[in-house]
Amino acid sequence: MDGADSWRRTKAGRRSGQNGAATGVVVAAVVALVLGTVFLWPRHGDGSEEAATLASALASGDFTDAPLPTEEIPQVTAEYSRITEAFVEQIGRTPLVRLVEQRSEDGALEATYEWAWVLPGEAGTWSYRTTVLLRSGRDGWSAAVGPESIEPSLDSRERLELRVDRPEPGTVVDRDGQTLLGPLDVRVLGIDKPSIKQSEHDASARRLAEVLGIDQDAYAASVATYGPSAFVPALTVRESAIGEYDLTGAGKIPGYREVKERHILPIEKGYAPGVLGTLREATAEEIEESDGEISPGQLVGTAGVTRARAPELIGTPGIRVVAVAGDGGRERGLHTLEVVHGTEVTTTLDDDLQRHATELIAGRDSPSAVIVMRPSTGDLLASALGPTGQGYPVGLVGRYAPGSTFKTVTALSLLRAGFSPTTTLECPARATVTGRSFKNADSLDPSLFGTMPLEDVMAHSCNTALLLQHNQVPQSSLADSASALGMMQEAPPGLEGAYFGEVDPADVGTEHAAAMMGQGRVLASPLAMAVVMSSVVRGEAVRPRVLADDDSAPVSPAPAAPLTGQEAQQLRGMLRGVVTKGSLDEFLDMPGGEVIGKTGTAEWVNDQGELRLHSWVMVAQDDIVVAVFVEDGSYGSRTAGPIAHAMLEKVNGVA
């Protein structure tokens, strides 16, 4: 009798006393039958309790209290471990087993158990049923537990294992099908710790960091933190850019190693940062925090489109539960979930415009952004970041005082307070509000100081004229007007984390006055101001989108006082004046429809205590809006204006 047969059998019902006389056997049998009927069944119960106890044992693998002969418990436990140990380790959890049915007959109990194995990720649950026979004997109820008790088709040589078929990832494309993100050949450069002495780890890490141009302290700390047998990546480089690095010098460093891999990345480094994101393997921390939703080796999206559409891009791993015979023996399928490969995700981006916008600010000396939108749909056509190497997507998440571009919001508040574009305002050289003195920009021609209509106040961007109206427009009205023009809305899918500005309705005094000209505590991102201009063009608050299949959901939360058609028309007229008689007169020669726009300049103090200027401009022509921001610039018309002009030329086919 082999081991498998011995761990199935039970001592219940074994014959004894075969050497007795035939008469004694018959008499004993009759007596036993009578006594068993009278005494044994009630004394040992109906087996329900033992069947329930066995369910717990089958789920945990602990058969200490299971209804088994004591001498058989170690062997049953060992066989259970042999069958399930690898599978449990692969899926990271033990099975759920519950008693669902029991049928009694002639001192025997057939118990039916439902098994549920929760598989990794989104693979669902593998469920099935097994039956186990329990018999009542002199020592109580005893179960016959074998491989088929764990999975009904298993034989004595087989064990359970999991096989995972990784999906091919999808791609991200622009509005015309041009690939923006997909699989790329890369080299991972780093230090292979076990190939050198521990005393060399720090020096090698620092030398490699110096050669690759990365932070030496940070990389040395990473090398120290990783285990003694680890390869510690320092930099992942696209094969197309490998010539930009001194790999000859790196190769002379003890412990240096290159690993060729294939990663899912934007087609070029720095392409639409914050919008595309990347796909990478989940970290140990992400796996731990996912509560089983993320498995080792699984890809996750880091930001933007890849985060919003991670399931579609990553696909679904194929899962196969197999019965494996022996060491490396044949495999037999028990449960299969077919692999689903990643799909193509289409964005609203225009690759040609994105590249041109990036080129325009690639050489800037400070963080800069160009946002291009289509007001009729809210499509984000380009979101460029400069200078080259800048990683923080200021165009989407930057929080800056918008300066005079915010006067578009102020003008709407004045219209709602009963003003019209021809209402006359005073534009003095300076104005004092609650004890603080404000002045106009030095670029404003002093000959303009005096009386002028609101439309000219906007055209020439007179600060003092608007500051003096702070008592006519409460801060809450500014906040409502900002909301009517799309500010402070919730970020749509694919743009999670984007910042749409802040106008605190509770600000009073000097802060409220400063808000009238886009300073004080008013904040916005370049995307937020592109949305403001888009809302003026379309005549209602615009919700931006970067995913082509994103529906046309309204802005959320809905503005308390939505923009009206008449208000939008009046705003467009005043913003046209900035071009016809204000600081954006260079746009008069632009081919195509009329251009409207607004410049902005906001003061800020750098780390050296120097007063500097943020440079803004937002312009619109036909169904295109361009917003440009340069963190450390000069007046909007001088720094940001030419960039916006070049961008519109590209749109019009001039550039």
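As a convention, each chain's residues are numbered from 1 in the sequence order in which they are written. A pLDDT threshold of at least 70 governs which residues receive local features in this predicted model, and a stricter bar of 80 or more applies before side-chain atom pairs are shown or counted, although totals over entire chains, interfaces and linings include all residues. Each side-chain value is derived from all of the structure's non-hydrogen atoms; neither hydrogens nor water enter the calculation.

Novice: Can you break down the nonpolar core residue by residue, with the values?
Specialist: Think of a nonpolar core as a cluster: buried Ala, Val, Leu, Ile, Met, Phe, Trp, Tyr and Cys residues, connected wherever their side-chain atoms sit within 4.5 Å. Each residue gets one of three labels from its accessible area relative to the maximum for its type: buried under 20%, exposed over 50%, partly exposed in between, using a 1.4 Å probe on protein chains only. Counting residues in each nonpolar core, the largest one holds 80 residues, and the members touching the most others are Leu-380, Leu-454, Leu-527 and Leu-571. Each helix is a run of DSSP H or I of at least 4 residues and each strand a run of E of at least 2, with the numbering of both proceeding from the N terminus. Top element by residues in this core is helix H19 (residues 526–538). It accounts for eight residues. In this structure Leu-571 touches Thr-408, Ala-411, Leu-412, Leu-415, Leu-485, Val-536 and Leu-563, once residues within four positions along its chain are discounted. By size, the runner-up hydrophobic cluster in this structure holds 37 residues, among which are Phe-63, Val-132, Ile-150 and Leu-162. Contacts are assigned to residue pairs with any non-hydrogen atoms lying within 4.5 Å of each other.

Novice: Let's hear about the pattern of salt bridges: which residues, and what values?
Specialist: By definition here, a salt bridge exists when the distance from a side-chain nitrogen of Lys or Arg to a carboxyl oxygen of Asp or Glu is within 4 Å. Inspection of every chain in the model, using the stated rule, returns 37 salt bridges. Among the ionic pairs, Lys-650 bridges to Asp-352, the shortest N-O distance being 3.5 Å. With Lys-650 in helix H21 (residues 636–651) and Asp-352 in helix H12 (residues 351–361), the pair connects residues that are 298 residues apart, well separated along the chain. For Asp-379, the salt bridge goes to Arg-545, with nearest N and O atoms at 2.5 Å. Of the two residues, Asp-379 is situated in strand E16 (residues 379–386) and Arg-545 in the loop between H19 and helix H20 (565–580); the sequence distance between them amounts to 166 residues. Each member of the pair, Asp-379 as well as Arg-545, is classed as buried.

Novice: Can you explain H19? Please cite residues and give values.
Specialist: Helix span, as expected, comes to 1.5 Å for every residue beyond the first. The terminal C-alpha atoms of H19, which comprises 13 residues, lie 18 Å apart, in line with the 18 Å expected from a rise of 1.5 Å per residue. Within H19, eleven of the 13 residues are buried, which leaves it mostly tucked inside the rest of the structure. Along H19, the positions that sit buried rather than exposed are Pro-526, Leu-527, Ala-528, Met-529, Ala-530, Val-531, Val-532, Met-533, Ser-534, Ser-535 and Val-536. Backbone geometry just downstream of H19 places Gly-539 in the positive-phi region, at approximately 90°.

Novice: So what about the pairing of strand E21 (residues 595–605)? Which residues, and what values?
Specialist: Pairing of E21 with strand E22 (residues 611–621), which is carried by eleven bridges, proceeds in the antiparallel orientation. What sits directly across from Ile-596, in E22, is Ala-620. Between the end of E21 and the start of E22, which pair antiparallel, lie five residues, with Gly-609 showing a positive phi angle near 80°. One bridge is not enough; two strands pair if DSSP finds at least two bridges between them.

Novice: Residue-level account of the environment of Val-473, with values.
Specialist: Structurally, Val-473 can be placed in the loop between helix H16 (463–467) and helix H17 (475–484). On the basis of relative accessibility, which here comes to 1%, the residue Val-473 falls in the buried class. Sequence-wise, Val-473 and Gly-182 are 291 residues apart; in three dimensions their C-alpha atoms are separated by 51 Å. Excluding residues within four positions of it along the chain, Val-473 makes contact with Ser-413, Leu-414, Ala-417, Leu-478, His-512 and Met-516.

Novice: Which residues make up the sheet that holds E16, and what values go with them?
Specialist: With respect to topology, five strands assemble into an open sheet ordered E16-E15-E23-E22-E21, the strand pairing being antiparallel. Each edge of the sheet is formed by a strand with only one pairing partner; in this case those strands are E16 and E21. When strand polarity is set aside, the average angle formed by the axes of neighbouring strands in this sheet is 10°. Set on the sheet, H12 makes contact with strand E15 (368–374) and E16; between it and E16 the angle comes to about 30°. Angular values range over 0 to 180 degrees, each being the angle between N-to-C directions of two axes fitted as lines to C-alpha atoms, with helices fitted over their stretch in contact.

Novice: Now, about H20: what can you tell me, with residues and values included?
Specialist: Given a rise of 1.5 Å per residue, 16 residues ought to cover 22 Å, and the 23 Å separating the end C-alpha atoms of H20 matches this to within 8%. Those residues of H20 lying buried are Glu-567, Ala-568, Leu-571, Met-574, Leu-575, Arg-576, Gly-577, Val-578 and Val-579. Contacts made by the buried residues of H20 are with helix H14 (407–416), helix H15 (454–460), H19 and E21.

Novice: If you had to explain the packing of aromatic side chains to someone new, which residues and values would you point to?
Specialist: Whether two aromatic rings pair depends on their centres lying within 6.5 Å, for rings of Phe, Tyr and Trp, where Trp uses its six-membered ring; planes under 30 degrees apart make the pair stacked, over 60 edge-to-face, and the rest tilted. One pass over the structure, following the stated rule, counts eight aromatic pairs. For the ring pair Phe-87 and Trp-126, a centre distance of 6.0 Å and an interplane angle of 90° mean the geometry is edge-to-face. Of this pair, Phe-87 sits in helix H4 (residues 73–91) while Trp-126 is found in strand E3 (residues 125–137), placing the two residues 39 residues apart along the sequence. In terms of burial, Phe-87 and Trp-126 fall into one category: buried. Three or more aromatic residues link up through ring pairs in this structure, and these residues are Phe-87, Trp-115, Trp-117, Trp-126 and Tyr-128. In our convention, an over-ring charge means Lys NZ or Arg CZ found within 6 Å of a ring centre and within 35 degrees of that ring's normal. Just above the ring of Phe-231 sits the side chain of Arg-257; from NZ or CZ to the centre is 5.1 Å.

Novice: Help me get a handle on the state of the cysteines, residues and values and all.
Specialist: Defined by distance alone, a disulfide is two cysteine sulfur atoms within 2.5 Å. If you walk through the whole model with that rule in mind, you get one disulfide. Across the disulfide from Cys-427 sits Cys-462; the S-S distance is 2.1 Å. Between Cys-427 and Cys-462 the sulfur-sulfur dihedral comes to about 105°; the bridge is accordingly right-handed. Separated by 35 residues along the polypeptide, Cys-427 in strand E17 (residues 424–427) and Cys-462 in the loop between H15 and H16 bring together distant segments of the chain. Take Cys-462: its relative accessible area is 0%, and that puts it in the buried class.

Novice: Quick one: what's the story with the packing of helix H6 (residues 201–212) against helix H7 (residues 216–225), residue by residue and with numbers?
Specialist: For the pair H6 and H7, interaxial distance at closest approach is 8 Å and the crossing angle is 140°. Between H6 and H7, the angle is such that the two are oblique. You can see that H6 and H7 cross each other, and the crossing is right-handed. Between H6, through His-201, Asp-202, Ala-205, Arg-206, Leu-208, Ala-209 and Glu-210, and H7, the contact on the second element is made entirely by Gln-216, Asp-217, Tyr-219, Ala-220 and Val-223. For the contact of H6 with H7, the per-class residue count stands at six nonpolar, two polar and four charged. Here is the rule for angles: anything less than 35 degrees is roughly parallel, anything more than 145 is roughly antiparallel, 65 through 115 is roughly perpendicular, and the remaining ranges are oblique. Each crossing is labelled by how the near helix is turned from the far one, with a counterclockwise turn of less than a right angle marking it left-handed and a clockwise turn marking it right-handed. For this classification, Asp, Glu, Lys and Arg are treated as charged, while Ala, Val, Leu, Ile, Met, Phe, Trp, Tyr, Cys and Pro are nonpolar and the rest, including Gly, are polar.

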